[in-house]
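Residue-level structure breakdown
Below, each chain spelled out in residue letters.
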Amino acid sequence: MSSPDEKPEWLEIFGCFTGESDGMSSPTKESTVLLVSEKRQITHSVVKRKDVIKGIVKVPLLHFTITASQRGVLTMFSKKMKVLATIDVEDPTWINGCDFLPNLKYVVAVTESTVILWDYQSKESQSDGFVIKPMKNCLLCVCTVTMADNLAKDTILMGDDKGYVYLLTITNDDFIMKQSRAEKESQFKVLDSESFDIPKRKLHDDWVGKIRYFSALKCFGSCSTDSINSFILDDIKRLEDHLPVKEFSVPKGVNAFTYCGKAKVIVTGGNDRILRLWNPVVNFSPVGKLFGHKHSVVEIVTNEKDQHVISLSCAKVFRVWDIQTLSPLQVFYESHGTPEEMNAFPMVFDNDHGMLFTGSDVIDIYPLANVIQDLKELPQTHEKSLNVVLYNRAFHQILSICTESVLKVWDLETGSQIYQIEDAHGLNTEVTCAAIEINGVYLATGACDGTVKIWEFESGQEVKALPLAQHSNDEHRVLKIVYLKADEDQHAVIVLEQRGKIKIIQGDSAQTDLYVTWVLSEIVPFPRRNPVVYLSLKPSSLETQDFFPEIRLLCNTSSMRNDTETFLSSVDIKCFDVLKVEGCRLIATGSANGEINLWDFESASVKCLGKTTEDNQGSGVNAILFLIRSVSSSRKRSAMSPTPSVRSDASAISEQGSSLDLHEEENAESYEINTEIKTAEETPSRKNSQNPEMSVQLLKAKAGQSPILASAHESSCIRLWSIQGNLMKELLPFSEHPSGPLTALCTDIFTKILLAGSKKGYIIRWNMASFLEDPRNKKNEIKEELCWRAHATEVVELFIEEEKNVIVTASIDGSVRLWHAMTGYYFGYFGQARKFELSDTSRLILPSDVSNFPAIIKEESKHMEKKVKYPLMLDRDKWKSLTRLPSDLEKAEHGEAAHGFKYFKALDSEKFQTLETFEFVSKEAGAVFGFLPIYELENPIEVSMPKSLQRIKAEKSSHKGREKDPDSIEELSQDK
């Protein structure tokens with residue numbers, strides 16, 4: 001609370017500035033709430049000469065802004081503050097206040113003796129609305145009672161200069177039934193006030209300064225400069241039943257009041273220059289006071305989201321207060337306007353967009369500083385491009401690593417930084433990848449020189465390291481890393497190096513350094529017809545190797561390099577993923593040429609899912625990911641009762657995969673599945689390990705169903721593969737703008753949602769829950785739900801956090817950003833000054849480098865759902881089958897012959913093949929008929945004219961004087 005004995009501000013006493021040396025230092029960036037330097041003025045002629053704005057109203061649902069000037073100008077603005085409608089009221093009386101009727105869609109304004117109902121949608125030929133008159137006393141304020149019980153009426157509250165509060169209910173029928181006969185045409189149709197039932201009650205002994213209705217409290221509030229009945233807060237029923245009302249007494253009265261829903265307090269201010277905070281149910285004593293103003297307070301508004309109160313004095317000084325701490329946050333001064341105008345200085349706060357609206361002879365708009373910072377400041381978490389973003393579910397923290405090898409750890413909920421490590425692998429050594437083990441205790445990092453290090457995540461202390469190789473070069477650059485096992489006795493990770501070599505690196509308590517224990521062959525020769533190669537598993541490794549057995553190819557790669565019947569696998573591997581559950585040990589790799597290799601160690605085989613072709617543009621694989629859903633009952637059981645031995649010994653499903661490594665959402669699910677997995681020593685004999693069908697059946701029994709492999713490609717598509725190597729589905733993002741090549745993949749822990757990031761910064765969300773339940777059922781589609789642009793550049797990694805319902809994205813622009821998972825609402829970026837507010841999605845803002853709002857994809861709008869209608873063409877086979885000989889026509893009835901629509905029956909969809917023979921006639925026949933094709937029959941059928949037709953033709957010819965013998969006609973037809 002501010003001290004009442006503080007040094008007086010001469011600015012507020014005299015109402016003017018004399019310079020910056022007067023003792024008012026400019027607020028710092030951290031203390032600035034409203035950014036005065038970004039003030040925007042609306043200079044449209046909303047007022048007349050020597051006129052001021054008396055009322056400003058925001059209509060949230062319709063995004064309207066309504067202003068009323070003292071001399072009768074009513075104006076309605078759009079969301080972008082463009083004038084939608086305006087009217088100059090001809091009545092010479094002054095307007096004292098306005099509001100909006102949400103059900104009847106009228107603007108209500110009160111004058112000294114009338115109530116104006118302006119129809120802002122009226123046409124020129126119609127009247128501009130209605131006016132209710134005469135009113136006995138001078139009306140000073142008005143507000144709308146917002147209740148959703150009846151859509152055909154609106155209720156308004158009004159206060160007058162005698163201390164009365166009026167309750168007026170208006171329906172659509174009143175506009176017809178209660179019209180008065182006008183002697184001459186006027187701007188508004190007149191409604192007789194005597195025909196309305198208008199309850200009123202005297203609540204104050206002085207003028208009613210303001211009146212408002214609080215829907216959260218279901219009460220109305222009115223204030224006056226009366227020292228006894230200064231503020232009234234009660235139900236509108238008190239205006240009719242005359243029961244006692246709740247009165248708040250304030251010395252020198254109350255000029256303005258507001259209500260903060262989050263803090264649940266009423267704030268009042270008046271001529272004694274003190275802001276008082278009241279509990280709505282306690283009227284005898286305020287719960288807090290705010291001192292600082294040196295002149296009377298004339299207006300108060302609330303910033304609900306930040307729980308701030310903004311007050312204005314008649315000396316044109318604004319003060320921003322924090323309700324929670326009862327402390328002042330900002331003071332600024334309004335320079336224009338004359339002192340006599342300050343008694344009519346309306347103010348309203350737009351909570352949806354974070355802006356303060358004030359009115360004098362113009363409209364001033366003050367934006368919140370944090371909103372402007374989000375709109376103008378480029379988000380930056382690191383100074384350099386990002387390589388890694390991971391989520392630690394155990395600690396609810398985020399790890400980010402940039403190309404400059406700066407490692408930062410952040411708190412997910414607040415966005416604050418916890419600690420930072422620089423040059424984790426040495427000076428000028430880039431950290432290229434990382435992985436967090438399933439329990440969140442340890443962190444593994446890989447660098448460009450091939451070194452690997454193990455860290456304690458919470459403390460950031462190094463535990464073990466793989467020493468630098470003697471001949472280290474770019475071929476040893478670690479691209480991806482996956483944690484297999486982590487405890488105090490043993491650590492195991494699997495890494496992918498630059499030239500496609502995959503290694504398992506382990507460390508135990510007996511060794512101080514990490515060491516390589518397993519290497520996977522990087523080159524495999526595949527037969528072109530059936531790209532499957534079987535492996536020879538070393539028997540000794542089946543018992544000693546906990547993760548993957550040592551293998552040997554059954555063919556010689558050197559002798560097959562020039563063989564035209566085979567091709568060698570690509571070594572330009574960009575991504576990989578690992579899946580290890582009982583009965584299933586898989587490693588999948590994706591290459592720059594579009595090749596996908598699937599290593600199945602249960603069936604002792606390696607398959608090439610995407611064959612290498614000569615034209616590989618757009619087919620490159622940027623991300624790869626195993627999708628698997630377990631039975632819900634086993635998931636719940638595993639989540640509720642994990643055993644320490646299983647958690648430490650069971651190997652995780654890949655923590656990283658594709659271009660962004662599998663994140664902890666997969667780790668959590670792998671943990672759930674792995675609770676039923678046995679350790680290496682407990683695994684039964686592998687009698688059926690060479691049978692792939694047995695492996696799949698065992699996997700279905702343990703994990704609920706067969707896994708699916710998802711791959712993201714340069715061609716902007718996602719392909720879903722079965723582990724047998726069959727292409728099951730191909731997904732193409734649907735958005736207004738091309739999303740570009742897909743670079744990142746992830747799912748939630750239940751594998752119901754699939755997220756993809758693109759090279760152009762787009763995020764696409766699919767719902768694949770029904771598809772994974774039964775992929776063979778064609779009715780179970782994968783539905784695209786959301787698409788938005790999160791960055792202006794390539795998305796490096798992303799993940800979804802289900803508990804907070806947020807998505808975190810990272811890009812090469814150096815920023816890590818936070819989004820709402822269902823709507824794509826932007827919360828902010830890690831490294832910003834203000835904390836995240838994950839529960840509030842009321843203000844829709846965007847980063848400074850993004851201009852498109854998220855698009856929710858509707859099922860009927862997808863282009864892949866549209867049925868393409870091809871033009872109908874003549875089908876010759878159908879035509880021949882429908883064509884009958886003249887002899888058959890003679891036997892048929894006359895009606896059937898006349899209505900045989902064989903031409904239309906012979907039409908069929910277009911077949912994409914060239915017609916056998918057709919030609920175009922001369923263009924002189926016209927633009928249409930000149931280009932109609934002429935179809936020629938290959939073998940014309942010889943037909944003879946029936947005798948009945950011959951007689952008809954002979955009779956017609958005789959009338960024209962050209963009689964001919966029927967036999968000669970028959971001979972002529974036979975010659976043809």
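Rules and cut-offs
Residues numbered from 1 in each chain as written. Predicted model: local features only at pLDDT ≥ 70, side-chain atom pairs only at ≥ 80, totals over all residues. Heavy atoms only, no water. Helix = DSSP H or I, 4+ residues; strand = E, 2+ residues; numbered from the N terminus. Buried < 20%, exposed > 50% of the residue type's maximum accessible area, 1.4 Å probe, protein only. Contact = heavy atoms within 4.5 Å. Areas by Shrake-Rupley, 256 points an atom, 1.4 Å probe, with all protein chains shown as cover. pLDDT = per-residue confidence, 0-100. Pairing = 2+ DSSP bridges. Axes fitted to C-alpha atoms, helices over the stretch in contact; angles between N-to-C directions. Patch = residues over 30% accessible without salt bridge, like charges linked within 9 Å, V, L, I, M, F, W, Y side chains within 5 Å. Salt bridge = Lys/Arg side-chain N within 4 Å of Asp/Glu carboxyl O. Lys, Arg positive; Asp, Glu negative; His and termini not counted. Charge placed at Lys NZ, Arg CZ, Asp CG, Glu CD. Polar contact = N/O pair within 3.5 Å; in protein donor to acceptor, adjacent residues only side chain to side chain. Phe/Tyr/Trp six-rings, centres within 6.5 Å; stacked < 30°, edge-to-face > 60°. Core = buried A, V, L, I, M, F, W, Y, C linked by side-chain atoms within 4.5 Å.

**Comments concerning the overall build of the chain**
Counting its secondary structure elements, the chain contains 16 helices and 66 strands. Across the 976 residues that make up the chain, the buried fraction comes to 51%. Considering only contacts in the chain between residues 6 or more positions apart, those separated by 24 or more positions represent 55%. Surface exposure of the chain reaches about 47,100 Å², of which carbon and sulfur atoms provide 50%.

**Thoughts on the confidence of the model for the chain**
In this model, the chain carries a mean pLDDT of 77, and residues with pLDDT of at least 70 account for 71%. A low-confidence stretch, residues 860-869 (pLDDT under 50), is modelled with 11 contacts involving residues beyond four sequence positions or located in other chains. This stretch, residues 968-976, has a pLDDT under 50; its non-local contacts, to residues over four places away or in other chains, come to four contacts.

**Re the sheet that holds strand β58 (residues 795-801)**
Within a sheet, adjacent strands bond to each other through the backbone by hydrogen bonds, running parallel or antiparallel. One open sheet accounts for four strands, arranged β58-β59-β60-β61; its pairing is antiparallel. In this open sheet, the two strands that pair with only one neighbour each are β58 and β61 (826-829). Averaged over all pairs of adjacent strands, the angle between strand axes in this sheet comes to 20°, irrespective of strand direction. Relative to strand β59 (residues 806-811), β58 runs antiparallel, the two being bridged by six bridges. Looking at β59, one finds that Glu797 is bridged to Ala810.

**Here's the deal with the sheet that holds strand β2 (residues 53-59)**
With respect to topology, four strands assemble into an open sheet ordered β2-β3-β4-β5, the strand pairing being antiparallel. Each edge of the open sheet carries a strand with a single partner, namely β2 and β5 (83-88). Within this sheet the neighbouring strands show an average axis-to-axis angle of 10°, counted without direction. The pairing of strand β4 (residues 73-77) with β5 spans five bridges and is antiparallel. What sits directly across from Phe77, in β5, is Val83.

**Here we look at the pairing of strand β46 (residues 573-581)**
β46 sits mainly inside the fold: eight of its nine residues count as buried. Two strands pair when backbone bridges link them, and β46 and strand β47 (residues 584-591) are joined in this way by eight bridges, in the antiparallel orientation. Counted as the bridge partner of Asp577 is Ala588 from β47. Hairpin connection between β46 and β47: a loop of two residues separates the two successive antiparallel strands, and Gly583 in this loop has a positive phi of roughly 85°.

**Focus: a negative patch on the surface**
Taken together, the side chains of Glu383, Glu404, Glu422 and Asp423 present a region of like negative charge at the surface. By the element assignment, Glu422 lies in strand β33 (residues 417-422). With a relative accessible area of 53%, Glu422 lands in the exposed category.

**Concerning the side chain of His308**
Positionally, His308 belongs in strand β24 (residues 308-313). Relative accessible area serves as the criterion here: at 12%, His308 is assigned to the buried category. One polar contact links the side chain of His308 to the main-chain carbonyl oxygen of Asp306, over a distance of 3.3 Å.

**Examining the pattern of salt bridges**
Counted under the stated rule, the structure contains 17 salt bridges. The residue Arg765 makes a salt bridge to Glu785 at a minimum N-O spacing of 2.8 Å. Note that Arg765 is positioned in strand β56 (residues 762-767) and Glu785 in strand β57 (residues 783-789), a separation of 20 residues in sequence. Since its relative accessible area comes to 24%, Glu785 is described here as partly exposed. Two residues, Asp849 and Arg817, come together in a salt bridge whose shortest N-O distance is 2.8 Å. On the criterion of sequence distance, the pair formed by Asp849 in the loop between β61 and β62 (855-856) and Arg817 in strand β60 (residues 816-820) is long-range, its members being 32 residues apart. What makes Asp849 partly exposed here is its relative accessible area of 25%. Given a relative accessible area of 0%, Arg817 falls into the buried group. One network of salt bridges, in which partners are shared, links Asp234, Arg238 and Asp241.

**Notes on the packing of aromatic side chains**
Geometry of an aromatic ring pair is reported as the spacing of the ring centres plus the angle between the planes. Tallied over the full model, the rule gives 25 aromatic pairs. Centre to centre, the rings of Tyr106 and Phe175 are 5.0 Å apart; their planes meet at 40°, and the pair counts as tilted. Here Phe175 lies in helix α2 (residues 174-177) and Tyr106 lies in strand β7 (residues 106-111), a separation of 69 residues in the sequence. Accessibility assignment for this pair places Tyr106 and Phe175 in one class, buried. Taken together, the ring pairs in this structure connect Phe214, Phe231, Phe248, Phe257, Tyr259 and Trp278 into an aromatic cluster.

**Re the nonpolar core**
With 28 residues, the main nonpolar core has Ile494, Trp518, Phe548, Ile587 and Trp599 as its most contacted residues. Breaking this core down by element, the ones donating at least two residues are β38 (478-486), β39 (490-497), β40 (502-508), β41 (515-520), β43 (532-537), β46 and β49 (605-608). With residues near it in sequence (within four places) discarded, Phe548 still touches Ile494, Ile504, Trp518, Val578, Arg585, Leu586, Ile587 and Phe601. Listed in part, the 23 residues of the second largest apolar core include Ala710, Ala712, Leu731 and Leu745.

**What about the side chain of Thr381?**
Following the sequence through the fold, Thr381 ends up in the loop between α4 (369-376) and β30 (386-392). Among the polar contacts made by the side chain of Thr381, one reaches the main-chain carbonyl oxygen of Phe830 at a distance of 2.7 Å. With near-sequence residues (within four places) excluded, Thr381 lies in contact with Ser400, Lys408, Trp410, Gly814, Ser815, Val816, Tyr829 and Phe830.

**Focus: the pairing of strand β8 (residues 115-118)**
Burial of the side chains of β8 extends over both faces: Val115 and Leu117 are buried on one face and Ile116 and Trp118 on the other. The pairing of β7 with β8 spans four bridges and is classified as antiparallel. Bridging across to β8, Val107 finds its partner in Trp118. Note that β8 and strand β9 (residues 129-133) share four bridges and pair antiparallel. Residue pairing for β9: Trp118 is matched across the bridge by Gly129.

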